[in-house]
Each structure stands twice: as C-alpha cells, then as structure tokens.
Amino acid sequence: MSVALMWEARAVAGRGEELLAWARAQELAPRPLRRETFRAPQDRVLVITWWDAGYDAAGLPELPEPDGELVTRAVHRWRFEPVGDEG
C-alpha cells in the first residue's frame with residue numbers, strides 16, 4: 001500500500017521565493033519514500049510526499065503551517081492513494 005500527502009500554500013504577494021525556501025528547509029522524520037516540491041503562479045508552493053503506508057495511516061509527518069505573515073491563508077492538505085497507471 002502507498003499514500004501520497006499533498007501540502008499547498010500561497011505566499012503573501014512577492015514572498016513566493018521565501019515560502020519556497022521555507023518549505024524546502026522543512027525536514028520530515030522519518031523521511032518519505034519520495035518528496036517533490038513545485039511552485040506556481042501567484043506565489044504558490046506545493047509539496048507532495050509518498051509513503052509506504054495505508055490511506056488511513058496515523059502519524060505520518062506533514063509540513064507544518066508557515067508563519068502567518070508569510071502566507072495569505074491556511075495551508076491546504078490532502079491525502080491521495082494510487083488507483084493504477086493509465087499510461
């Protein structure tokens with residue numbers, strides 16, 4: 001079984017690079033199987049981590065909320081499970 005955790009935040013205008021650096025500096029223990037970090041317009045940052053765990057697994061580490069002065073809203077978080085390769 002595996003599960004992916006998604007973390008997405010939107011920085012205050014003009015602070016996207018700072019939010020990106022903050023997200024990349026956050027350590028997770030234990031480390032995920034895989035971790036990818038993305039950025040998008042409007043100073044958005046997205047981090048996806050993959051875990052060898054079930055969808056309902058408790059205790060998986062997640063990135064915390066950044067300082068309230070760095071983001072425009074609360075972080076969005078979702079869990080996903082693979083449903084098969086469509087390629």
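The shown structure was predicted, so the numbers you read here are calculated from the model rather than taken from an experiment.

Basis of the calculations
- Position numbers for residues start from 1 in each chain and track the written sequence from start to end.
- In keeping with the predicted nature of the model, local features appear solely for residues at pLDDT of at least 70, side-chain atom pairs appear and are counted solely at 80 or more, and the whole-chain, interface and lining totals rest on all residues.
- Excluded from the side-chain calculations are hydrogens and water; all other atoms, namely the structure's heavy atoms, are used.
- Under the DSSP-based scheme used, a helix requires at least four consecutive residues in state H or I and a strand at least two consecutive residues in state E, with every element numbered from the N terminus.
- The classification of residues rests on relative accessible area computed with a 1.4 Å probe and restricted to protein chains. Under 20% of the type maximum is buried, over 50% is exposed, and intermediate values are partly exposed.
- The contact criterion used throughout is that any non-hydrogen atoms of two residues lie within 4.5 Å.
- In protein, a polar contact requires one atom able to donate a hydrogen and another able to accept it; more generally it is a pair of N or O atoms within 3.5 Å, and residues adjacent in sequence count only if both atoms are side-chain atoms.

## Some thoughts on unusual backbone geometry
Trans peptide bonds make up the majority, and among non-glycine residues the majority have a negative phi. Looking along the chain, the bond that leaves alanine 29 and enters proline 30 is cis, with omega of 0°. By secondary structure assignment, the location of proline 30 is in the loop between helix H1 (16-25) and strand E2 (34-40). Despite not being glycine, glutamine 42 shows a phi value in the positive range, around 65°. Phi at aspartate 43 is positive, roughly 55°, even though this residue is not glycine. Assignment of secondary structure puts aspartate 43 in the loop between E2 and strand E3 (44-51). Using a relative accessible area of 25% as the deciding quantity, one classes aspartate 43 as partly exposed.

## Considerations on the environment of arginine 73
Mapped onto the elements, arginine 73 comes out in the loop between E3 and strand E4 (76-80). With 62 residues separating them in the primary sequence, arginine 73 and alanine 11 have C-alpha atoms 8.2 Å apart. Discounting residues that sit within four places of it in the chain, arginine 73 has contacts with Glu8, Ala9, Arg10 and Arg44. Only 2.7 Å separates the side chain of arginine 73 from the side chain of glutamate 8, close enough to count as a polar contact. Side-chain polar atoms of arginine 73 contact the side chain of histidine 76, separated by 3.4 Å.

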